[in-house]
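Geometric and topological summary
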Amino acid sequence: MAGQSSRRSKVAVLLGGPSAEREVSLSTGQACAAALRDMGYEVVEVDAGLDLPSVLQDVAPDAVLNCLHGRWGEDGCVQGILEWLGIPYSHSGVLASALAMDKQRSKDVYRTVGLPVVDSVICPKADVTANHVMAPPYVVKPNNEGSSVGVYLVHDGANGPPKLDDQMPDHVMVEAFAHGRELTTTVMGDRALGVTDIITDGWYDYDAKYKPGGSRHEIPANVPKEISDLCLEYALRAHEALGCRGVSRTDFRWDESKGAAGLILLETNTQPGMTPTSLTPEQAQAAGMSFGELCAWMVEDASCNR
């Protein structure tokens, strides 16, 4: 076991939770917990439920590594609980978490600092299933979920509007489809780590993100230096504009035929996945940081008033 000379020794790893991304969170949390134990920390895994405040008071950790994904764990709610309890925690604070989870509002923030985004609207689900609310191709998705949960791609030339699942919220985001390659950049503190090109046979959906072999990650991405530099710059600007802390990851589309003008910012994830197929650990490794060192950095970076 690697020795860890840390000012924090006992860490609660929050995982699971009630969101649509529970299974991914369990995988993330278990991987991080194992890595932290190898780094010499005492780790308590906490499956976050309604009793979370009392459980954390009983555990009395020095810090919390928040490995929850999706609503409640990633949208400012759990962050508010941790602020109230006065327990230092990882990743972004209440406001930045809420902003980044709300895709439409985060786009408003991006626009104010000159970051390029595609047009989108929030519409009643009934309207979206009745008629095309914008010319195809477009994407329909929840305004406040992640990991490609509930994402519908309406292709150019589609005869009719999409048939949305009953589990989709009453209001959804309809977003113009951005053609091109899928690129992503992780920000760690005040540093953008690198650019990954995500290569799939089709849509970068839930299976492509989390199933082995679902996608291939090329890091560093084989793109012109101008595009790589812009991804690093845009990701850092998005992180700062939203008020993010710790680690975040910003996703892009790049239409090669348009050069720099074809780079579009899609969204910023304030709690990127840390599963065996996840992008952020790969970027940290490419930057010279092991998975255990990345997890330990997040623990030592934890604080309140984020």
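Quick note: structure is the one above.
Residues numbered from 1 in each chain as written. Predicted model: local features only at pLDDT ≥ 70, side-chain atom pairs only at ≥ 80, totals over all residues. Heavy atoms only, no water.

Examining the nonpolar core
- The biggest cluster of nonpolar side chains holds 24 residues, and the ones touching the most others in it are Leu183, Phe252, Leu263 and Leu265.
- Elements that contribute at least two residues to this core include exactly helix H4 (94–101), helix H5 (103–112), strand S8 (181–188), helix H8 (225–242), strand S12 (247–254) and strand S13 (263–269).
- For this core, the element with the highest residue contribution is H8, accounting for 7 residues.
- Apart from residues no more than four positions distant in its own chain, Leu183 is found in contact with Val195, Thr196, Asp197, Ala221, Val223, Ile227, Cys231, Thr250, Asp251, Phe252, Trp254 and Leu263.
- If you look at the next biggest cluster of nonpolar residues, it comprises 23 residues, including Val11, Ala35, Leu294 and Met298. (Core = buried A, V, L, I, M, F, W, Y, C linked by side-chain atoms within 4.5 Å. Buried < 20%, exposed > 50% of the residue type's maximum accessible area, 1.4 Å probe, protein only. Helix = DSSP H or I, 4+ residues; strand = E, 2+ residues; numbered from the N terminus. Contact = heavy atoms within 4.5 Å.)

Quick word on helix H3 (residues 77–85)
- Listing the buried residues of H3 in full gives Val78, Gln79, Ile81 and Leu82. Projected down its long axis, H3 carries its buried residues within an arc of 160 degrees, all on one side.
- Those residues of H3 that are buried lie in contact with strand S1 (10–15), helix H2 (52–59), strand S3 (63–66) and H4.
- In the segment just after H3, Gly86 is the residue with positive phi, at about 75 degrees. (Arc of directions from axis to C-beta.)

Considerations on the packing of H2 against H3
- Between H2 and H3, the shortest axis-to-axis distance is 11 Å and the interhelical angle comes to 45 degrees. By the angle between their axes, H2 is oblique relative to H3. The handedness of the crossing between H2 and H3 comes out as right-handed. Across from Leu52, Pro53, Leu56 and Gln57 in H2, the residues of H3 making contact are Val78, Ile81, Leu82, Trp84 and Leu85.
- When grouped by side-chain class, the residues that make up the contact of H2 with H3 number 8 nonpolar, 1 polar and no charged. (Axes fitted to C-alpha atoms, helices over the stretch in contact; angles between N-to-C directions. Parallel < 35°, antiparallel > 145°, perpendicular 65-115°, else oblique. Left-handed = near helix turned anticlockwise from the far one by under 90°. Nonpolar A, V, L, I, M, F, W, Y, C, P; charged D, E, K, R; others polar.)

A short note on the sheet that holds S3
- Reading across from one edge, S2-S1-S3 is the order of the 3 strands in this open sheet, with parallel pairing throughout. Of all the strands in the sheet, just strand S2 (42–47) and S3 have a single pairing partner and so form its edges. On average, each strand axis in the sheet is inclined to that of its neighbour by 25 degrees, with strand direction left out of account.
- In this sheet, S2 lies alongside S1 in parallel orientation, the contact comprising 6 bridges. Opposite Val13, over in S2, you have Glu45 as the bridge partner. (Pairing = 2+ DSSP bridges.)

Considering unusual backbone geometry
- With an omega dihedral of 5 degrees, the bond running from Pro136 to Pro137 counts as a cis peptide bond.
- With respect to the secondary-structure elements, Pro137 resides in the loop between helix H6 (125–130) and strand S5 (138–141).
- That bond from Ile219 to Pro220 is cis: its omega, 0 degrees, falls within 30 degrees of zero.
- Tracing the chain through its elements places Pro220 in the loop between strand S11 (216–218) and H8.
- Notably, Ala60 is not glycine yet its phi reads approximately 50 degrees, a positive angle.
- Despite not being glycine, Asn305 shows a phi value in the positive range, around 55 degrees.
- Mapped onto the secondary structure, Asn305 falls in the segment after helix H10 (291–301).

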